[in-house]
Protein chains: 2
Amino acid sequence: MASIHDVAKEAGVSVATVSKVINHYPDVSDKTRKKVRSAIELLRYRPNAIARGLVTGRSWTVGVLINIPFTNPYVAELLEGIKTALENSGYDLMRLSARLNDESYSFIDHCESRNLDGVVIFGVERDHRIIGELIRSDIPTMFVDTDVMGNRVGNITSDNVNGVHMAVSHLYGLGHRDIAYIAGTLGHTVAERRLQGYKQGLADCSIEYRDKYLEVCDYSFEGGMVAMRKLLHLQSPPTAVVCTSDMAAMGAIHEIEAWGFSVPGDVSVVGFDNIFEAKVFKPSLTTVNQNIHNIGARSIEHLISMIENPEYSPPEIMEPASLVIRQSTGKVKVSEDQSR
Amino acid sequence: MASIHDVAKEAGVSVATVSKVINHYPDVSDKTRKKVRSAIELLRYRPNAIARGLVTGRSWTVGVLINIPFTNPYVAELLEGIKTALENSGYDLMRLSARLNDESYSFIDHCESRNLDGVVIFGVERDHRIIGELIRSDIPTMFVDTDVMGNRVGNITSDNVNGVHMAVSHLYGLGHRDIAYIAGTLGHTVAERRLQGYKQGLADCSIEYRDKYLEVCDYSFEGGMVAMRKLLHLQSPPTAVVCTSDMAAMGAIHEIEAWGFSVPGDVSVVGFDNIFEAKVFKPSLTTVNQNIHNIGARSIEHLISMIENPEYSPPEIMEPASLVIRQSTGKVKVSEDQSR
DNA sequence: CTGAAAGCGCTTACAG
DNA sequence: CTGAAAGCGCTTACAG
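Residues numbered from 1 in each chain as written. Chains lettered and ligands numbered in written order. Predicted model: local features only at pLDDT ≥ 70, side-chain atom pairs only at ≥ 80, totals over all residues. Heavy atoms only, no water.

## A look at the protein's contact with DNA strand C
Counted only if it meets this: What makes a residue near a molecule or strand is one non-hydrogen atom of that residue sitting within 4 Å of it. Here a polar contact is taken to be a pair of N or O atoms separated by no more than 3.5 Å, where protein atoms must pair a possible hydrogen donor with a possible acceptor and residues adjacent in sequence count only if both atoms sit in side chains. Numbered from the N terminus, helices here are DSSP runs of H or I no shorter than four residues, and strands are runs of E no shorter than two. Charged means Asp, Glu, Lys or Arg here, nonpolar means Ala, Val, Leu, Ile, Met, Phe, Trp, Tyr, Cys or Pro, and polar covers whatever is left, Gly included.
As a structural note, the neighbourhood of DNA strand C is formed by 26 residues, with K20(A), T32(A), I4(B), S19(B) and Y25(B) the closest of them. Here DNA strand C approaches the protein such that, of its atoms within 4 Å, sugar and phosphate make up 67%. Take K20(A): an N or O atom from its side chain is 2.8 Å from a base oxygen of DNA strand C. Going through the elements one at a time, α2 (15–22) and α4 (49–56) of chain A together with α2 (15–22) and α4 (49–56) of chain B are the ones with two or more residues in the surface near DNA strand C. Sorting elements by how many residues they give to the surface near DNA strand C places α4(B) first, with five residues. Among the residues making up the surface near DNA strand C, the classes are represented as 13 nonpolar, nine polar and four charged.

Here it is, written out as structure tokens:
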């Protein structure tokens, strides 16, 4: 490809002048500008982003570290939101192949070596060392679903506490008192917040929290199945269960039906996320809606603001959550033996 | 961050020597090597990938152009396969924000300006101008699901013809003679191939091809619904329908049930892809299995081979497809009026 | 308004 | 085995 030197020679000016017209400096005469423009046209010249980045320190690239499979519908939708916000912004997206378990690996070095202008992080445990590193660094960063703040670090998440709280209230309103919770892997902010929402929900309904009604899973379908299995093995299984994700909820329902029970006839189930599948699954899922696409898009908008304006103070954003009621929840079944 | 100069000064050698130990040149004495190593350690030095790329012409970055939403489960799984193959390869992945509809936009320039070592392309129409540009360029390229070949251009796909062919044969074996096909947007290789499989399948079963039994959709759930609606409006609706994607198949089933019919009681439906949801949907989907993860991973493996070895001849790969029989297909219903 | 020169952080012949 | 020098393709003071 043609370089800036070729253009300069073609136009009969210096490379400095070419650089100035490329970068829209005002102090270039119209005549010169025209000559340069047509030379650029003629040679189909495009500035080399790499070389430019080396001297300006800007790469027009934002990195993304997502430590969860892309096949997870939440991740897919998040990425789609990120992609949308990036379109026409001039920035491209780089997915970092981070070696998180390798002690000698430094995420910061990785970013700096790539000259990244900023990064968005999702799915890294709250106490992983790279979080501290990121806070100390001056790389503009947005965390999704992890409550980290810093000089150049903001975060965005849904109102997880209230989300689960609404789910519990909904079930209470249907007469349920034995409400279990299938949590996400603890150690992540979201998981903790939702668990908190569960406990507060119970408390506000004057229901005693019972350890046996708490199971943990990895947000997946299989995880939901396994957790549900344990709950069904209980002496007195719950009549309703709130799940930390729609995938887990679908897994739980699958398990319930495998035992010969029905949803919501015997057990009511609530999901979390409101992914596309929640609508299509049978029974369709009552679930907590998160505006995932929006979370992705806004994380990028704020990241770009931070990149382009050093004074921009990193935001801490909580998107509202809402309850979507469908077919997987219903009135509690009046049990034959009124044991409780 | 420390630069190679800092390391050279710290170690008391020249930058050339530091460069040599970084790049594992043999002609460095053990003593010098050690001095340099500890200086690197001390200063936590990491070579700047950008600067290195400027001189070597390598960026250790492969680009991906995916013109279909990430929320499409096929795309998500493809990306996951790509990601897996990239792990520990030293390469990072860049998603290009391509302005495909902008006449003045050049994908090649974009790649060259970013110094990309290679690209994988998915979801671009067969006759889009960038395909020709790519073939003429010397950027190593792998197309997924598009039958393009070139000097530095290979492709990978599933055996689409045979996939649909198997679906048709399966339905024929169940007694179906009125078999419709919901195709993907024509103009893409996959869509054409699968349509070909449909027609061949019919021919091999001595069933006449009828235009009215062909509908086109965009692979989505909604697309499947709309296409199915048209088929149901027909004078004599089909007793079975093969769909170009699982999402479309689920949409079709949704529509069939909305009309008060049952699957497979009244209409049998076959999908394509075998995404996760196909197993979980009710009724679970009979579908053509594609090893999507594998397609993603292999596209990268071959791309890297092409990058690292200019002699490596671009592969043209066809992964086998197989039919997975589940609950959405069944014996044809013997109709009251034996009109046909 | 224009251009010569230094420099971003590296690598690569080449000379010694 | 080691290092001085040129160069990758740009931008940015600075002098004129």
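## A look at the domain arrangement of chain A
Threshold: Note that the domain bounds reflect an automated or database-derived domain assignment.
As far as domains go, chain A holds domain 1 (4–47), domain 2 (61–158 + 292–318) and domain 3 (160–290). If you average the C-alpha positions of domain 1 of chain A and of domain 2 of chain A, the two centres end up 36 Å apart.

## Topic: the sheet that holds strand β7 (residues 214–217) of chain B
Residue and element names in this part refer to chain B. This is how the line gets drawn: Pairing between strands requires that DSSP locate at least two bridges from one strand to the other. A fitted line through C-alpha atoms serves as each axis, taken over the contacting stretch for helices, and the angle formed by two N-to-C directions is quoted from 0 to 180°. Any two residues whose heavy atoms approach within 4.5 Å at even a single point are treated as in contact.
Read across the open sheet, the six strands follow the order β7-β6-β8-β9-β10-β12; overall the sheet is mixed. A single partner strand is all that each edge strand has here, and the edge strands are β7 and β12 (322–324). The mean inter-strand angle of the sheet, taken between neighbouring strand axes irrespective of direction, is 20°. For strand β6 (residues 179–184) and β7, the ladder comprises four bridges, and the chain directions are parallel. The residue of β7 that forms the bridge with I182 is E215. The strands touched by helix α9 (residues 189–204) within the sheet are β6, β7 and β9 (268–273), with β6 carrying the most contacts at an inclination of about 170°.

## A look at the pairing of strand β3 (residues 118–122) of chain A
All names here are of chain A. We count it as follows: For every residue, the accessible area (1.4 Å probe, protein chains only) is compared with the maximum for its type, and the residue is labelled buried under 20%, exposed over 50%, or partly exposed between those bounds. With strands facing away from the observer, any crossover in which the path from the first strand over the helix to the second runs clockwise is taken as right-handed.
Within β3, five of the five residues are buried, leaving the element largely enclosed by the surrounding structure. In β3, alternate side chains face the same way, and those of G118, V120 and F122 on one face and V119 and I121 on the other are all buried. With five bridges joining them, strand β1 (residues 61–66) and β3 adopt parallel strand pairing. The partner of G63 across the bridge, within β3, is V119. Pairing geometry for β3 and strand β4 (residues 141–144), over four bridges, is parallel. Note that in β4 the partner of I121 across the bridge is F143. Traced from β3 through helix α7 (residues 129–136) to β4, the parallel crossover comes out right-handed.

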